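The residues making up each chain are set out below.
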Amino acid sequence: MYVRCGSIELARNLFDCMPEKELITWNAMISGYAQNGLATRVLELYCEMEALGICPDPVTLVGVLSSCANLGARKVGTKVEQQIECSGFGLNPFLKNALIHMYARCGNLARARAIFDEMPEKNLISWTAIIGGYGMHGQGEIAVQLFDEMIKDGIQPDGAMFVSVLSACSHAGLTHKGLDYFALMERNYGLLPGPEHYSCVVDLLGRAGRMAEAQWLIESMPMEPDGAVWGALLGACKIHKNVKLAELAFDRVIELEPSNIGYYVLMSNIYTEAENLGGVLRIRVMMRERKLKKDLGCSYVEYKGKTHLFMAGDRSHPQTEEIYRMLNKLERFVNELVGYTANDQERRNEEELVSGMGVHSEKLAIAFGLLNSSLEMDILVIKNLRICIA
């Protein structure tokens, strides 16, 4: 009950007070953490459960794999896969789908695809997980091929599937294909597009530079556009340096999401690139007057089974000095390789002033990964923000 109501701490207090805990109790707590986005606490509780010799069941492992996906904890996920096989759960479709999602999210598309191909029967969740994985990593052509294959196999897509395939088309620049799929939703499958689908199509058109069409689509929506729709247009305006349309999108999006600092920083960056100092100052004043609470950008990187968290401008890590030395070395190398102008430095200084932060969190995570990995190792960085603000 407490978990369903979002009272996680009350649920944990009750959990801790129980003298004896059955597996269903552990599962309830793990699922509660997972459903509320507390992935780190899921893994901590799972480790505690293992230390006490309590054997997990498929419900436990689905929650753990979901958390591994959110944290990019690929090594932990790999251990869970081994445990699944040893426990005789290898044919469980829910676990197979969770493994596909985990590996795809963690960047190991080859393993995700192998698990998918091995499944004797694939349901819509299986197809959505693998198609979303390819789309997430910019391999839209493969995502589209899989979607078409799924249709031939007689699997009916749902709204979530169309979000995945439209997003894949957007990131891969498959504009015409994406528009065809959008038209198919209602015509062939009787699915009414929601704001999330319109957001994908606005992003699709915007990335292709078809800004007028993106604006027309928003204005012709049968429902009120939400913040994500206007945010997609704002993001496209930054790509194509369209300040006038950006101002329109910004005014609309902050009416809907006035406390979302990402949009303020995005608009400020558009002004900065246009060398519009007055616009930058206006945004800064708005942020100060509204006393916006920043959602700090953070990035995760896994090393030796432990997830290392970096905040923007972070200096709390034990290897801080080495990390910043590595960053300076990398920046000198890049500057020499591609050149770096005074305008570039001024733009970066403006962005840091607006965000109130220093070095981007993903830069710190990458530097940490380089310090602690060999040449053959992949470095996987997971971010917490859709729009990078620090």
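The preceding data block contains the structure.
Not measured: the values here are computed from a predicted model.

(A) Expanded view of the overall build of the protein chain. For the protein chain, the helix and strand inventory stands at 20 helices and three strands. For a compact globule of 390 residues, the expected C-alpha radius of gyration is about 21 Å, and the protein chain comes in at 23 Å, within 12% of that figure. By its C-alpha atoms, the protein chain is 65 × 60 × 45 Å across when sized along the principal axes. Buried positions account for 44% of the 390 residues belonging to the protein chain.

(B) Quick look at the pattern of salt bridges. Counted under the stated rule, the structure contains 11 salt bridges. Lysine 177 serves as the salt-bridge partner of aspartate 148, at 3.5 Å between the closest nitrogen and oxygen. Of this pair, aspartate 148 sits in helix α9 (residues 140-152) while lysine 177 sits in helix α11 (residues 175-189), placing them 29 residues apart in sequence. You can call lysine 177 partly exposed: its relative accessible area is 32%.

(C) Fine view of the packing of aromatic side chains. Scanning the entire structure with this criterion turns up eight aromatic pairs. Aromatic ring contacts, followed pair by pair, group Phe147, Phe162, Tyr181 and Tyr189 into a single cluster. Sitting over the ring of phenylalanine 116, lysine 122 keeps its end group 5.2 Å from the ring centre. It is arginine 315 that lies over the ring of tyrosine 324; its NZ or CZ is 3.9 Å from the centre.

(D) Main features of the sheet that holds strand β1 (residues 298-303). Judged by pairing direction, the sheet is antiparallel, and its three strands sit side by side in the order β2-β1-β3 without closing on themselves. Looking along the sheet, the strands with just one partner apiece sit at the ends: β2 (306-311) and β3 (381-383). Averaged over neighbouring strand pairs, the angle between their axes works out to 25° when direction is ignored. Note: β1 against β2, six bridges, orientation antiparallel. Note on β2: the bridge partner recorded for valine 301 is histidine 308.

(E) Region of interest: helix α20 (residues 361-371). Residues of α20 that are buried: Ser361, Glu362, Leu364, Ala365, Ala367, Phe368 and Gly369. Buried-residue contacts for α20 involve β1, β2, α18 (320-338) and β3.

(F) How the structure looks around the packing of helix α6 (residues 93-105) against helix α7 (residues 109-118). Relative to each other, α6 and α7 sit at 160°, their axes nearing to 7 Å. In terms of axis orientation, α6 runs roughly antiparallel to α7. Read as a crossing pair, α6 and α7 show a hand that is left-handed. Across the interface between the two elements, Lys96, Leu99, Ile100, Tyr103 and Ala104 from α6 touch Leu109, Arg111, Ala112, Ile115, Phe116 and Glu118 from α7. The residue makeup of the contact of α6 with α7, split by class, is eight nonpolar, no polar and three charged.

(G) Just the state of the cysteines, in detail. Under the definition given, this model contains zero disulfides. Counting only cysteine sulfurs, cysteine 68 is the nearest neighbor of cysteine 47, a cysteine outside any disulfide, at a range of 9.5 Å. Given the relative accessible area of 48%, cysteine 47 is considered partly exposed. Sulfur of cysteine 68: no disulfide; nearest cysteine sulfur belongs to cysteine 106 and is 7.1 Å away. On the accessibility criterion, cysteine 68 (0% relative accessible area) is buried.

(H) Broad picture of the nonpolar core. Counting residues in hydrophobic clusters, the biggest one holds 99 residues, and the most contacted among them are Tyr181, Leu233, Leu234 and Phe250. Per element, the largest residue contribution to this core is eight residues, and it comes from helix α16 (residues 261-273). Residues within four places of leucine 234 in sequence aside, it is in contact with Ala246, Ala249, Phe250, Tyr263, Leu266, Met267 and Ile270. Ile323, Met326, Leu327 and Ala367 belong to the second-largest nonpolar core, a separate cluster that totals 10 residues.

(I) Spatial organisation of the environment of valine 64. Position of valine 64 relative to the elements: it lies in helix α4 (residues 58-71). What makes valine 64 buried here is its relative accessible area of 0%. The spacing of valine 64 and methionine 102 is 38 residues in sequence and 9.9 Å in space, taken between C-alpha atoms. The residues contacting valine 64, other than those within four sequence positions of it, are Val42, Leu43, Tyr46 and Val80.

Calculation notes
- Residues numbered from 1 in each chain as written.
- Predicted model: local features only at pLDDT ≥ 70, side-chain atom pairs only at ≥ 80, totals over all residues.
- Heavy atoms only, no water.
- Helix = DSSP H or I, 4+ residues; strand = E, 2+ residues; numbered from the N terminus.
- Rg over C-alpha atoms; globule rule 2.2 N^0.38 Å.
- Buried < 20%, exposed > 50% of the residue type's maximum accessible area, 1.4 Å probe, protein only.
- Salt bridge = Lys/Arg side-chain N within 4 Å of Asp/Glu carboxyl O.
- Phe/Tyr/Trp six-rings, centres within 6.5 Å; stacked < 30°, edge-to-face > 60°.
- Lys NZ or Arg CZ within 6 Å of the ring centre and 35° of its normal.
- Pairing = 2+ DSSP bridges.
- Axes fitted to C-alpha atoms, helices over the stretch in contact; angles between N-to-C directions.
- Contact = heavy atoms within 4.5 Å.
- Parallel < 35°, antiparallel > 145°, perpendicular 65-115°, else oblique.
- Left-handed = near helix turned anticlockwise from the far one by under 90°.
- Nonpolar A, V, L, I, M, F, W, Y, C, P; charged D, E, K, R; others polar.
- Disulfide = S-S within 2.5 Å.
- Core = buried A, V, L, I, M, F, W, Y, C linked by side-chain atoms within 4.5 Å.

Function-wise, these values are silent; they only describe arrangement.
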